[in-house]
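# Examining the three-dimensional arrangement
Here is how the chains run, residue by residue.
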Amino acid sequence: TYFDTADGVLARHGAALRLRLSGGGREQTLKLPDPGGAGVRRCEWTVEARHGEVPDPASFPAEPARVLADLLGEAALAPVLTTRIARRARRLRHGGSLIEADFDLGTIEAGGRGEAVCELELELVDGETADLFRLARGLPLGPDLAWSIASKSERGRALAAGIGPVAVLARSPALDAG
């Protein structure tokens, strides 16, 4: 379950706060945009969830907890969307990099609407962003496989608002001539 304030302050700042049941345990994850990430990198922290049905912002390490506290102020958190995902994760080497390939199957539910999820999510664990893009470019794109950088939280927020997919302008990635 993803949380935000009534006025969507986390969404406006590109942040996502999730409480997840996983393997019998509960964890909370905070994702913030990476200022140098050209729209494809995020900073992420996951900690054990110990307090009730709402994330505890103070449970994160000092710096992300401070950023989250600054964003939230006195505003209360409430659930905004739920994902029900079965995931198979595999790690592979491509070029000199370690990449996690997550096969996700399930649903996103928000605002009384639902959307099916059947996706391959690629995440750079260690190495060069260019290796991740080379792997993605080698996939057979077509009617059954398309690229997207929209996160599940972004898609869920759009679903809650009744907004369909929209085109966005990408920022230029930081790549050298090599």
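Structure: above.
Starting afresh in each chain, residues are numbered from 1 along the sequence in its written order. Restriction of local features to residues with pLDDT of at least 70 applies here, the model being predicted, together with a cutoff of 80 or more for giving and counting side-chain atom pairs; totals for whole chains, interfaces and linings are based on all residues. As a rule here, side-chain values cover all heavy atoms of the structure and leave hydrogens and water aside.

## Structural notes on the pairing of strand E7 (residues 113–126)
The cut-off we apply is this: We treat two strands as partners when DSSP finds at least two bridges between them. Note on conventions: DSSP H or I runs of at least 4 residues are helices, E runs of at least 2 residues are strands, and numbering of each starts at the N terminus.
Where strand E6 (residues 97–110) lies against E7, 13 bridges are found, and the strand directions are antiparallel. Along E7, the bridge assignment pairs Ala 101 with Leu 122.

## A closer look at the nonpolar core
For clarity, the threshold we go by: Here, nonpolar core refers to any group of buried Ala, Val, Leu, Ile, Met, Phe, Trp, Tyr and Cys residues whose side-chain atoms link them within 4.5 Å. Buried means the residue's accessible area, taken with a 1.4 Å probe over protein chains only, is under 20% of the maximum for its type, while exposed means over 50%, and partly exposed covers the values in between. Here, two residues are considered to be in contact whenever any of their heavy atoms come within 4.5 Å of each other.
Leu 10, Leu 17, Leu 30, Phe 60, Leu 68, Leu 72 and Leu 77 are the most contacted members of the largest nonpolar core, which has 16 residues in total. Elements represented by at least two residues in this core include exactly helix H1 (9–12), strand E2 (16–22), strand E3 (25–33) and helix H2 (62–72). With four residues, H2 is the largest single contributor of residues to this core. Dropping the residues within four chain positions of it, Leu 30 is found in contact with Ala 16, Leu 17, Cys 43, Glu 44, Trp 45, Phe 60, Pro 64 and Leu 68. Counting seven residues, the second-largest nonpolar core is a separate cluster that includes Tyr 2, Ala 16, Leu 81 and Leu 159.

## Quick word on helix H4 (residues 152–161)
Since the α-helix turns once every 3.6 residues, residues separated by three or four places project in the same direction. Listing the buried residues of H4 in full gives Lys 152, Ser 153, Arg 155, Gly 156, Arg 157 and Leu 159. Considering only its buried residues, H4 is in contact with strand E1 (2–4), H1, E2, strand E5 (78–94), E6 and E7. Among the residues trailing H4, Gly 162 stands out with phi positive, at a value near 75 degrees.

## Regarding the environment of Ile 99
Along the chain, the position of Ile 99 falls in strand E6. By relative accessible area, which is 0% here, Ile 99 ends up buried.

## A closer look at the pattern of salt bridges
Using the following cut-off: By salt bridge we mean one thing: a side-chain nitrogen of Lys or Arg within 4 Å of a carboxyl oxygen of Asp or Glu.
Evaluation of the coordinates by the stated rule reveals 19 salt bridges. Here Arg 157 makes a salt bridge to Asp 4, at a shortest N to O gap of 3.9 Å. One end of the pair, Arg 157, is in helix H4; the other, Asp 4, is in strand E1, with 153 residues separating them in the sequence. A single burial state applies to Arg 157 and to Asp 4, both of which are buried. The salt bridge involving Arg 87 is made with Glu 121; its shortest N-O contact spans 3.5 Å. With Arg 87 in strand E5 and Glu 121 in strand E7, the pair connects residues that are 34 residues apart, well separated along the chain. Taking relative accessible area as the criterion, Arg 87 reaches 38% and is therefore assigned partly exposed. When salt bridges that share partners are traced, they join Arg 87, Asp 102, Asp 104, Glu 115, Glu 119, Glu 121, Lys 152 and Arg 155 into one network.

Any functional reading would require information beyond the geometric quantities listed.
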